[in-house]
Amino acid sequence: MSDPAFKSDFLQTMQARGYIHQISHPAELDAAARDGTITAYVGFDATASSLHVGNLISIMMLRRLQQAGHKPVVLMGGGTTKVGDPSGKDESRKLLTDADIAGNIASIRTVFEKFLTFGDGPTDAVMVNNDDWLSKLGYIEFLREYGPHFTVNRMLTFDSVKLRLEREQPLTFLEFNYMLMQAVDFLHLNRNRGVQLQMGGSDQWGNIINGVELVRRMDQKAAFALTTPLLTTASGAKMGKTAAGAMWLNADMLSPYDYWQFWRNAEDADVGRFLRLFTDLPLDEIARLEALPGAEINEAKKVLATEATRMLHGEAEAQRAAAAAQMAFEQGGLSADLPTHEVPAADLTAGVQLADLAVAAGLAGSKGEARRLAQGGGLRVNDKAEPDANRIITDAEFVDGVVKLSAGKKKIVLVRPV
RNA sequence: GGGGGAAUGUCCCGAGUGGCAAAGGGGGGGGACUGUAAAUCCCCUGCGGUAUCGCUUCGUAGGUUCGAGUCCUACUUCCCCCA
C-alpha cells in the first residue's frame, strides 16, 4: 500500500502527514507529480448549505495539492444531488430544487475560498458542477457510450455492492448506477480539464477506480486514484458528529468559538494526527507538540484549535475564540466573545423562568431537559449550581449587564438584555 | 401470481403477556475523579406541569374492547420461500 520512496513533494507531504490510504498507480503518479503540474479533483455533495468537519480532510488534500504547485478542482455534485444520495438510506431524502442546490453550492464555495486560491492561473483552483454535463446525458446515449465499458461481473465485486448483497440488503438500480456516474465525471474532467487524479475517502475507492479505468480504457490516458484513511477519533467515533449536530464549517451555522472548542476537546491520542492533517504547522513542530507529557498536551490542543480556526475563520476570529476560552476556562472570567443570547429587557424586568431561559439559549432541548439538567447539578447561573429550574431570573441577577448560564462544564452562554 | 415473515420510544439496535410512557443495550447529556483528555463509577435520556397529574408515542387508516404496541380488517414499505 505505502510506497515509502516518493520523490514528488506532493506525495511526500501527503504520506508524511497521513493522508494516504491507497494509491492506484503510485510510481506513475509520483513521476507525474514530480515532472509537472497535475490536476486533481474531489467530489462534494450539495445536500446541505455547509460542509462539515468530516469533509475537511478532503478539502485539506486539495490545499496540500495546491501548496505543492498543482491544480485543484472542486467538483460539486449538483447533478448527483438531484438524484439523491442513496447511501443515506432510510432518511426521507427530501427533493432539493435547483434553486436549493445552487444556493448550497454558493454557500459551500465561501468555505473553499478560505482553503484554496481560486482563479484562472495554472495552479488556481476551480469549482465545477457535474449537473452541467450529467443532466444532459440521454439514457440511450449513456448506455451506448459507457455501458460497454463496464461489466456487471466486475461491478458486483466492489465492496459497496458485495457487502449489500452479502447482508441481503436491497441495492437499488439507482445506487448500482451511482458509480457509473462518478466514472463519467472523471472522464469528463479528464477530457475537458486535463484532470488526472481523483481523491476521496477510502469508502470511495471503488467508485474512483471505476473512473480511472474508464479514462484509461476509452482514451488511453493516465488517471489515478488516491484515498484517505477513514477518519475516526481515537475512541472510534465518526469525526465531526456530536450530539449538538454536525460540526459545520460555515460560520453562520457554527460559530468560530464553537469550532475552536471542537478542536480543543480533541482526545489526547488524536492531537498529533489532527495537527498533521488539519494545520499547516511544520512536522518537527508537530512532533514536539504531540510529545508533550501529561496535562501539557493541552497546550498542543490549544495550538490545534487556534490553527484550525485560523485557517477557516481567519486570524482575528481564532484569537478571539482562544481568548474567550482562556477567560472562561482558565480565569473563570467572562469574555464578550462567548456565545450570547439576547432577551428583551422588559422580559427580564418582569422575570423569566430559568428553564425557559436555558431552552431559549440553546442549553437544553426542552424544559424537561432543563429541569433534569438542573436537578443533576449541571445547570449553573453565574457559576453557581442551581437545582431549581423553576426559579425566576430577573435583571437583579445581572453582573456587568449579563447573566452567565452554563450547562455542564463546557457550554456557556451569556444572557444579555436588549 | 401463491405462501411466510417484519415494521417499536422520530439517533441506532432491540424485548414486549390486552392495563405501557413501554425491558435491555449502544449513542448522547449531567455529576464525581482529572487536564475543557481517556478510562472508571453514579444519575438522566417523549412533551408539559409545583405533585402518585395531563398530553403525545409503537408503519398508515379504520374496527373490536372499559382499556390495544399487543386482537381483527384494509393499505404502505421491506425481507424470505415457491412459481
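Cut-offs used in this document
Counting starts from 1 at the beginning of each chain's written sequence and moves along it residue by residue. Think of it this way: whatever chain is written first is A, whatever ligand is written first is 1, and the rest follow in order. Only residues with pLDDT of at least 70 are given local features in this predicted model, and only at 80 or more are side-chain atom pairs given and counted; all residues enter the totals for whole chains, interfaces and linings. Calculation of side-chain values draws on the structure's entire complement of heavy atoms; hydrogens and water are dropped beforehand. Between any two strands, at least two bridges found by DSSP are needed for them to pair. By the criteria applied, helices consist of DSSP H or I runs no shorter than four residues and strands consist of E runs no shorter than two, each listed in order from the N terminus. Note on contacts: a residue pair is in contact if any heavy atoms of the two residues lie within 4.5 Å. To obtain each axis, a line is fitted to C-alpha atoms, and for helices this fit is confined to the stretch in contact; angles are then taken between N-to-C directions over 0 to 180 degrees. Relative accessibility decides the category of a residue: with a 1.4 Å probe and only protein chains considered, values under 20% of the type maximum give buried, values over 50% give exposed, and everything between is partly exposed. Only residues whose relative accessible area exceeds 30% and that take part in no salt bridge are eligible for patches, with like-charged residues grouped when within 9 Å of each other and nonpolar side chains (Val, Leu, Ile, Met, Phe, Trp, Tyr) grouped when within 5 Å. Residue burial considers only the protein chains on display, and all accessible areas are found by Shrake-Rupley using a 1.4 Å probe. When a carboxyl oxygen of Asp or Glu lies within 4 Å of a side-chain nitrogen of Lys or Arg, that pair is called a salt bridge.

Caption draft 1: Local environment of the sheet that holds strand β5 (residues 197–201). An order of β1-β6-β5-β2-β3-β4 is seen for the 6 strands of this open sheet, with the pairing classed as mixed. Here the strands that pair on one side only, and so sit at the sheet edges, are β1 (22–23) and β4 (126–129). Pairing analysis gives 4 bridges linking strand β3 (residues 71–76) to β4, with the strands arranged parallel. Across the sheet, the residue bridging to valine 73 is valine 126, located in β4. Along the sheet, helix α3 (residues 53–67) makes contact with β2 (39–44), β3, β5 and β6 (224–228), crossing β2 at roughly 165°.

Caption draft 2: Inspection of the environment of glycine 333 at higher detail. Examined against the element boundaries, glycine 333 turns out to sit in the loop between α16 (315–330) and β9 (340–343). Along the backbone, glycine 333 and alanine 32 are 301 residues apart, and their C-alpha atoms lie at a distance of 55 Å. Non-local contacts of glycine 333, meaning those with residues more than four positions away in its chain, are made with Met327, Ala328 and Lys404.

Caption draft 3: How the structure looks around the side chain of histidine 313. Structurally, histidine 313 is set in helix α15 (residues 297–313). On the basis of relative accessibility, which here comes to 14%, the residue histidine 313 falls in the buried class. Excluding its chain neighbours within four sequence positions, the residues that come into contact with histidine 313 are Leu249, Ala251, Leu254, Pro256 and Tyr259.

Caption draft 4: How the structure looks around a nonpolar patch on the surface. Together, Tyr139, Ile140, Leu143 and Phe173 make up a nonpolar patch on the protein surface, roughly 460 Å² of accessible area in all. By residue number, the principal contributor to the nonpolar patch is helix α7 (residues 139–146), which donates 3 residues. By the secondary structure assignment, phenylalanine 173 is in helix α10 (residues 173–193).

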